[in-house]
Amino acid sequence: MRDEGFDARPWVLLAPALLALLLLMVIPMAIIFVFSFYEYVDVAVDRPAFQFENWLWFFQDGFYHYAIWQTLRISAITMLVCALLGYVPAYFIANTTYRHKWLLMLLLILPFWVSFIIRQLSWVHVLGSQGIVNAALLWLGVIDAPVRLLYNEATVVMGLVHFLLPFMVLNIYVSLESIDRNLVSAARTLGCTGWQAFCQVTLPLSLPGLAAGSLLCFVLAGGSYVTPLILGGPDDFLFGNLIYDTIMLELNWPMGATLSVVLLALLGSLVAIYGRFMGLSRLYKSLN
Amino acid sequence: MAKSKAAAVELKNVIKHFGEVQAVKGVDLTIDAGSFVTLLGPSGCGKTTILRMIAGLEHPTRGEIWINGRRIDDIPIHKRNLGLVFQNYALFPHKTIFDNVAFGLRYRDVPKAEIRKRVAEALEIVQLPGVEKRFPAQLSGGQQQRIALARAVVIEPDVLLLDEPLSALDANLREGMRVELKRIQRELGITTIFVTHDQAEALALSDKVVVMSNGKKEQEGAPDKVYNQPASRFVAEFLGNANLLPGRIESNGVKLQDGTLLPLRDAKGLPVGTEIDVVLRAERILLARQHPPEADALVVPGKVRALDYQGVAARYFVEALGTTLQVINPIDDLPFPEGAEVLLRIRAQDCVALGRA
């Protein structure tokens, strides 16, 4: 006879995933959290303790607050650029009558086959002092010496957009695809021009996809540090770069742990706010 | 809300190609103002394409479409002033019922107070007053379709276009909605084009039925005319249950292949000796153990091979006239059992001659 009250099967089936999450996420993050209370003695030396020096440092030093502001600002700009640039191809793929739609989707996913680092570095060959843009301008005689195009905030945003745009396009595409075509036809017969029908029907109904894509872009941009490292100048750092520098260069693990917890809390709270208003189920759907 | 003018819609030799496929092969159609016309046919016959061309969602490859004396096939959709109702309702899910119904009025410079009044009136007409604040998902399928109808009629369209509006509803709801649709159309006196593959809907609702097949018009006319006097084999077989009996016209009837002489009232001017088909509707053949003698009627023996009991009536497959005939008769008490020897009464007035093309 089966026990009616408690069915163990779902838990047995979930166990491997839960175990992996516990071992690879929950425990390491707990360790990081504990680390944030350790005492920093000297370079690469720290002592187990329970004290708030790292946290006080974070709350008092305006440089960290500026870094948060800069991270949010660059993430927001990246997100907006992705949304504006992503909507058009998503709309096109969703509405094209082209028979081989899969080919367009493939083109979208194709960049993922190339290493992220390579993709970011490739911009050096495009915009660097020896890059094709400078070479072309020199050859045309527009300029006499190479112009500095790289290593500023714009190139950081560009690199982030380059990496994040497919996420935005896919999310918008999924929600555009699910809109009943008859709705636009209905709006048109009721007196809308094509543009009005887009504003009244297509755009509002694709907002969930736009929101999901925006969240992904914002969070992924906010957590990145490689792009500013490769394409940014000295002032174009993100919060992730501070963590990287603190841990890898200063070898101050307790402070690095503190900053990591801060970034996690910051981006985690954004996901939580989104989940509260939009529901996270849509995110999973578009990631599949 | 009534509009009444002469010929409301006119199609002149309309042709539509989709790539290689010719979906509509030269259709002429005249629809009187205020009438209810049904385009009836199997899927792929071109009926929906015609509707979509009138609505402006497709552009005819050739031909002309006129509405109220104005050629519209080059006028953009949003300036045509037509009401379109879809099979899947197509209500805006993110807008309230009020905003759905008011949608068309907002693009017609109607003042706010009047919008409110007209939306309320439209909801009154579809018998769903007071749902303004709800969202489409909060209504049942039948209610959503009423709202879709309200949204289409509130703009006082020149023509109401209905694209299989009942087929997404379940059977008993569909019949109620059918009566409702007819009432609303009568009340508003609105010229209506209805597309369906359901012959019962077509016969029940229409002033005129246009039977279509394969991109062409097969026959058009009043429902009873089309039903009783099919002009082609396709129409005879598509509408109801018909028996088609091949035979040759004689001076006093039709000689069937087994030698029986079938009485025929109207040979439609076909000369003696012409090979024709006789259309004999399943419900016009009467089965009985014996029949009183009757003028202009033939009584032949037959044997029930199989029956399909339907409660109110039964569909019999009767071996007679050298073939198997379908017969639908109401059931009084008990149906004839399988294997029963019966007599079939066939009246001259029920035999329709169909020339072979």
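What counts as what
- Residues numbered from 1 in each chain as written.
- Chains lettered and ligands numbered in written order.
- Predicted model: local features only at pLDDT ≥ 70, side-chain atom pairs only at ≥ 80, totals over all residues.
- Heavy atoms only, no water.
- Helix = DSSP H or I, 4+ residues; strand = E, 2+ residues; numbered from the N terminus.
- Buried < 20%, exposed > 50% of the residue type's maximum accessible area, 1.4 Å probe, protein only.
- Polar contact = N/O pair within 3.5 Å; in protein donor to acceptor, adjacent residues only side chain to side chain.
- Contact = heavy atoms within 4.5 Å.
- Expected span 1.5 Å × (residues − 1).
- Axes fitted to C-alpha atoms, helices over the stretch in contact; angles between N-to-C directions.
- Left-handed = near helix turned anticlockwise from the far one by under 90°.
- Nonpolar A, V, L, I, M, F, W, Y, C, P; charged D, E, K, R; others polar.
- Pairing = 2+ DSSP bridges.
- pLDDT = per-residue confidence, 0-100.

1. Thoughts on the side chain of Ser224(A)
Residue and element names in this part refer to chain A.
So, step 1. Summarising the element assignment, serine 224 is placed in the loop between helix H9 (194-222) and helix H10 (226-231).
So, step 2. Assessed through its relative accessible area of 9%, serine 224 is described here as buried.
So, step 3. A distance of 2.8 Å separates the side chain of serine 224 from the backbone oxygen of alanine 221, its partner in a polar contact.
So, step 4. Not counting residues within four places of it along the chain, the set of residues in contact with serine 224 comprises Leu160, Leu238, Gly240 and Asn241.

2. A closer look at helix H4 (residues 141-153) of chain B
So, step 1. Helix length check: H4(B) (13 residues) gives 19 Å between terminal C-alpha atoms against 18 Å at 1.5 Å per residue, within 8%.
So, step 2. The buried count for H4(B) comes to 11 of 13 residues, which makes it a mostly enclosed element.
So, step 3. Within the sequence span of H4(B), burial applies to Gly142(B), Gln144(B), Gln145(B), Arg146(B), Ile147(B), Ala148(B), Leu149(B), Ala150(B), Arg151(B), Ala152(B) and Val153(B).
So, step 4. Close packing links the buried residues of H4(B) with helix H8 (181-189) of chain A together with strand E6 (82-85), helix H2 (97-106), helix H3 (112-125), strand E7 (159-163) and helix H5 (171-188) of chain B.

3. Some thoughts on the packing of H8(A) against H9(A)
All names here are of chain A.
So, step 1. Where H8 meets H9, the closest approach of the two axes is 9 Å, and the angle between their N-to-C directions is 145 degrees. The chirality of how H8 crosses H9 is right-handed. Within the contact between the two elements, H8 uses Leu183, Val184, Ala187 and Arg188 and H9 uses Gly194, Ala197, Val201, Thr202 and Leu205.
So, step 2. When grouped by side-chain class, the residues that make up the contact of H8 with H9 number 6 nonpolar, 2 polar and 1 charged.

4. So, the sheet that holds E7(B)
All names here are of chain B.
So, step 1. Read from one edge to the other, the open sheet built from 6 strands follows the order E6-E7-E8-E3-E9-E10, with strand pairing classed as mixed. With partners counted over all chains shown, the strands left at the sheet margins are E6 and strand E10 (216-221), one partner each. If you compare each strand with its neighbour and ignore which way they point, the axes differ by 15 degrees on average.
So, step 2. The pairing of strand E3 (residues 36-40) with strand E9 (residues 208-213) spans 4 bridges and is parallel.

5. Focus on the pairing of strand E20 (residues 351-355) of chain B
Each regular strand shows side chains that alternate between the opposite faces of the sheet.
Residue and element names in this part refer to chain B.
So, step 1. In terms of burial, E20 is a largely internal element, 4 of the 5 residues being buried.
So, step 2. Sheet topology note: the strand E14 (residues 275-281)/E20 ladder contains 5 bridges and is antiparallel. Bridge pairing in E20 places isoleucine 276 opposite glycine 355.

6. Quick word on the confidence of the model for chain B
All names here are of chain B.
So, step 1. Within chain B, residue pLDDT values average 92, and 98% of them lie at 70 or more.
So, step 2. Ignoring residues within four places in sequence, the model shows residues 1-5, a span with pLDDT below 50, making 12 contacts including any to other chains.
So, step 3. Overall fold confidence for the complex sits at a pTM of 0.83, while the interface term, ipTM, reaches 0.84.

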